[in-house]
Amino acid sequence: MAAAGLLCESPDVFDPDETHVAFESAVRAWCERALAGEVPALERGEKLPYPLLRALGRELGLAEVLGATAERKLAKLRGGAETRSLREGGGDLAGDPLLTSILFKEIGRVSPGFAMVLMATLGCGMTILARGSAELVERFAIPILRFEKIGAWALTEPEAGSDAFGGMRTTAVREADGWRLRGQKTFISNAPYADVIAVFARVARESGEPLARPIVVERGTAGLEVGPPLRKMGMHDSPTGDVFLDDCRVPLGHLVGALESESRARGAAALDTLNMERAVMPSICLGILERCVEESVRHARTRRQFGRTIGEFQAVAFTIARMEVALENARNLVTKLAHAQKQGRLDARLASIAKLYCAEEATRAALAAVQVHGGSGYMADLPLEKLARDAKMFEIGGGTNEIQLQTIARALLA
Ligand SMILES: Cc1cc2nc3c(=O)[nH]c(=O)nc-3n(C[C@H](O)[C@H](O)[C@H](O)COP(=O)(O)OP(=O)(O)OC[C@H]3O[C@@H](n4cnc5c(N)ncnc54)[C@H](O)[C@@H]3O)c2cc1C
């Protein structure tokens, strides 16, 4: 084992190949052609993001590769010959985390809100795929991952945010023929329009403490109500809402994963998805940083005041230089995360470091980019004011900055 502190302890060189380069160009082209022009209408609520989401899945082949990954898992669950695990996938999106990072980075450059829509539906699909039964995978994970159904992932409650597990009040009580769910979830991405919601509930067990587990609830189930989209500071193109469960009854088979065999009091399935979110969100923030640097450099080179370009003023030049430092660091962290995921060793500490750093720096850079652009930066004609409003969300959603610090400190001091 290498001595502590040696640079070579973490060989994180992860060179992109032609597949990555081609995929990045394809996603960029799609975002510029299909998404960028729609963002203002999405932001004003004149259009919903879901037809575009389906187009993204279809036109970039994501529905095909993710659907095929889910089909393979189904074959495995049914005892078929397929043995590749999700982590071992050969070059497809699920098997190559760098492709996932590229996808979210590129969308993040144009609309972090739209990236959130994608992340929430995939979060639901992947939660079911990772631990669900063959029946759940077939009925819910496959249609979600083929972009035919929209998913949502509901952990947060009005009285349980940062302390999502400790404070959880939503319960699932076992009855003769199913689960009876009671409770409320809040701030849930896609909830107002989702076909399928993975609802986390405290599930009573025959022995031991109740466990927080996801239970699949379909739109239209009696006792399930979703609220209208909530008004927010940013991410107006990502519908967010409440979920009300009032004696909502779902079949016993809708519980995702085993119950009695699991002894961990904290929801392992929720932590998997939270860690997935913490790995994806830095990529979206990287996209924000990249766009802010590009726009600021372009503006600083062309905008003239006092007879010279504003880039000639040290205050402006240094602002952009600081943004570039953050961009480089964020890029390294995202690459390191993808590498760790590929090796199957993504840990909470690294995911939290990346999420904290990238969210803070994206927020700072987006506000700085508005400043570099002056009045035009504050106007909605440019993407910067949206990037600044959207960036702030990443300091809160998926665990606040303070919770990331707590996770990092725990890993060091435990
Ligand atoms: C746009 C948006 C979309 C979202 N989408 C989803 C979704 O799809 N699914 C889902 O389940 N949730 C979702 N969330 C919820 C999000 O994960 C929570 O808002 C977040 O975890 C914080 O919880 P809270 O809002 O209850 O804040 P609180 O937990 O009440 O925190 C308030 C403040 O107290 C601080 N604090 C709390 N505990 C500590 C501590 N121990 N030490 C130091 N400081 C602390 C926090 O850092 C924060 O500054 C979304 C949120 C937003 C804004």
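Relevant structure appears above.
Just so you know, these numbers come straight off a predicted model, no measurement behind them.

## Focus: the environment of Arg-146
Thinking step 1. Looking at where Arg-146 falls in the secondary structure, it is placed in the loop between helix 7 (134–145) and strand 1 (151–154).
Thinking step 2. Judged by its relative accessible area of 32%, Arg-146 falls in the partly exposed class.
Thinking step 3. In this structure, the C-alpha to C-alpha distance between Arg-146 and Glu-64, residues 82 residues apart in sequence, is 6.5 Å.

## Things to note about the site of the ligand
Thinking step 1. Around the ligand sit 19 residues, and of these Thr-156, Ser-162, Phe-187, Thr-400 and Glu-402 come closest.
Thinking step 2. Separating a nitrogen atom of the ligand from a side-chain N or O atom of Ser-189 is a distance of 2.9 Å.
Thinking step 3. In the model, an oxygen atom of the ligand is placed 2.7 Å from a nitrogen or oxygen of the Glu-402 side chain.
Thinking step 4. Coverage of the ligand by the protein chains reaches 65% of its 980 Å² of free accessible surface.
Thinking step 5. If you list the elements that add at least two residues to the shell around the ligand, you get strand 1, strand 3 (178–189) and helix 13 (401–413).
Thinking step 6. Ranked by residue count, the leading element in the shell around the ligand is strand 3, at three residues.
Thinking step 7. Along the lines of polarity and charge, the residues of the shell around the ligand split into eight nonpolar, nine polar and two charged.
Thinking step 8. No fewer than three residues from each of domain 2 (153–254) and domain 3 (268–413) sit in the shell around the ligand.

## Notes on unusual backbone geometry
Across the chain, the bulk of peptide bonds are trans and the bulk of non-glycine residues have phi less than zero.
Thinking step 1. The backbone of Asn-190 sits at a positive phi, close to 75 degrees, despite the residue not being glycine.
Thinking step 2. Exposure remark for Asn-190: the relative accessible area of 0% places this residue in the buried category.
Thinking step 3. Not every positive phi belongs to a glycine, and Met-235 is a case in point at roughly 50 degrees.
Thinking step 4. Here Met-235 lies in the loop between strand 6 (224–226) and strand 7 (240–250).

## Digging into the packing of helix 10 (residues 348–373) against helix 12 (residues 384–393)
Thinking step 1. Closest axis-to-axis distance for the helix 10/helix 12 pair is 8 Å, and the angle between their directions is 160 degrees. Comparing their axes, helix 12 and helix 10 come out roughly antiparallel. Between helix 10 and helix 12 lies a crossing of left-handed hand. Between helix 10 and helix 12, the residues in contact are Ala-362, Thr-363, Ala-366, Leu-367, Ala-369, Val-370 and His-373 and Leu-384, Glu-385, Leu-387, Ala-388, Ala-391 and Lys-392, respectively.

## Brief notes about the side chain of Glu-295
Thinking step 1. Take Glu-295: it is sitting in helix 8 (residues 268–302).
Thinking step 2. Residue classification places Glu-295 among the buried residues on the basis of a relative accessible area of 11%.
Thinking step 3. Within the structure, Glu-295 has its side chain in polar contact with the side chain of Arg-298 (distance 3.2 Å).
Thinking step 4. Residues contacting Glu-295, with those up to four places away along its chain left out, are His-373, Pro-383 and Leu-384.

## With respect to the pairing of strand 7
Thinking step 1. The sheet contact formed by strand 3 and strand 7 spans nine bridges and is antiparallel. Residue pairing across strands places Gly-183 opposite Leu-245, the latter belonging to strand 7.
Thinking step 2. With three bridges connecting them, strand 6 and strand 7 associate as antiparallel partners. Bridging across to strand 7, Val-226 finds its partner in Val-243.

## Observations regarding the nonpolar core
Thinking step 1. Counting residues in hydrophobic clusters, the biggest one holds 88 residues, and the most contacted among them are Trp-30, Leu-35, Leu-56 and Ile-128.
Thinking step 2. In contact with Leu-35, other than residues within four places in its own chain, are Trp-30, Leu-42, Leu-52, Ile-107, Val-110, Ser-111 and Phe-114.
Thinking step 3. The next biggest cluster of nonpolar side chains, apart from the first, holds 22 residues, and it includes Val-199, Ile-215, Leu-245 and Leu-255.

## Focus on the packing of aromatic side chains
What describes a pair of aromatic rings is the distance from one ring centre to the other and the angle between the planes of the rings.
Thinking step 1. Tallied over the entire structure, the rule returns four aromatic pairs.
Thinking step 2. Relative to Tyr-193, the ring of Tyr-50 lies with its centre 5.8 Å away and its plane at 55 degrees, an arrangement referred to as tilted. Note that Tyr-50 is positioned in helix 3 (residues 50–59) and Tyr-193 in the loop between strand 3 and strand 4 (196–203), a separation of 143 residues in sequence.
Thinking step 3. Residue Tyr-193 is classed as partly exposed on the basis of its relative accessible area, which comes to 29%.
Thinking step 4. Between Trp-153 and Phe-200 the ring centres are 5.3 Å apart and the planes differ by 70 degrees, which places this aromatic pair in the edge-to-face class.

## A few points about helix 12
Thinking step 1. Judged by how many residues are buried, helix 12 sits mostly within the fold: nine of ten residues are covered.
Thinking step 2. Every buried residue of helix 12 is accounted for by Leu-384, Glu-385, Lys-386, Leu-387, Ala-388, Arg-389, Asp-390, Ala-391 and Met-393.

## Let's talk about the pairing of strand 2 (residues 171–175)
Thinking step 1. In terms of strand pairing, strand 2 meets strand 3 through five bridges, oriented antiparallel. Looking across to strand 3, one finds that Val-173 is bridged to Arg-180.
Thinking step 2. Once strand 2 ends, the chain turns through two residues before running back antiparallel as strand 3.
Thinking step 3. Pairing between strand 2 and strand 4: two bridges, direction parallel. Its bridge partner lying in strand 4, Ala-172 is registered against Val-203.

## Description of the environment of Arg-304
Thinking step 1. Mapped onto the secondary structure, Arg-304 falls in strand 8 (residues 304–305).
Thinking step 2. By relative accessible area, Arg-304 is classed as partly exposed at 49%.
Thinking step 3. Separated by 2.9 Å, the side chain of Arg-304 and the backbone oxygen of Gly-307 make a polar contact.

## Side note on the pattern of salt bridges
Thinking step 1. Throughout the structure, instances matching the rule amount to 32 salt bridges.
Thinking step 2. Between Glu-138 and Arg-78 there is a salt bridge whose closest N-O contact spans 2.8 Å. Placement of the pair is Glu-138 in helix 7 and Arg-78 in the loop between helix 4 (62–77) and helix 5 (97–110), with a sequence separation of 60 residues.
Thinking step 3. Among the charged side chains, a salt-bridge network with shared partners connects Glu-24, Arg-28, Lys-105, Glu-106, Arg-109, Glu-290, Glu-294, Glu-328 and Arg-331.

What counts and how
- Residues numbered from 1 in each chain as written.
- Predicted model: local features only at pLDDT ≥ 70, side-chain atom pairs only at ≥ 80, totals over all residues.
- Heavy atoms only, no water.
- Helix = DSSP H or I, 4+ residues; strand = E, 2+ residues; numbered from the N terminus.
- Buried < 20%, exposed > 50% of the residue type's maximum accessible area, 1.4 Å probe, protein only.
- Near = heavy atom within 4 Å.
- Polar contact = N/O pair within 3.5 Å; in protein donor to acceptor, adjacent residues only side chain to side chain.
- Areas by Shrake-Rupley, 256 points an atom, 1.4 Å probe, with all protein chains shown as cover.
- Nonpolar A, V, L, I, M, F, W, Y, C, P; charged D, E, K, R; others polar.
- Domains from an automatic or database assignment.
- Axes fitted to C-alpha atoms, helices over the stretch in contact; angles between N-to-C directions.
- Parallel < 35°, antiparallel > 145°, perpendicular 65-115°, else oblique.
- Left-handed = near helix turned anticlockwise from the far one by under 90°.
- Contact = heavy atoms within 4.5 Å.
- Pairing = 2+ DSSP bridges.
- Core = buried A, V, L, I, M, F, W, Y, C linked by side-chain atoms within 4.5 Å.
- Phe/Tyr/Trp six-rings, centres within 6.5 Å; stacked < 30°, edge-to-face > 60°.
- Salt bridge = Lys/Arg side-chain N within 4 Å of Asp/Glu carboxyl O.

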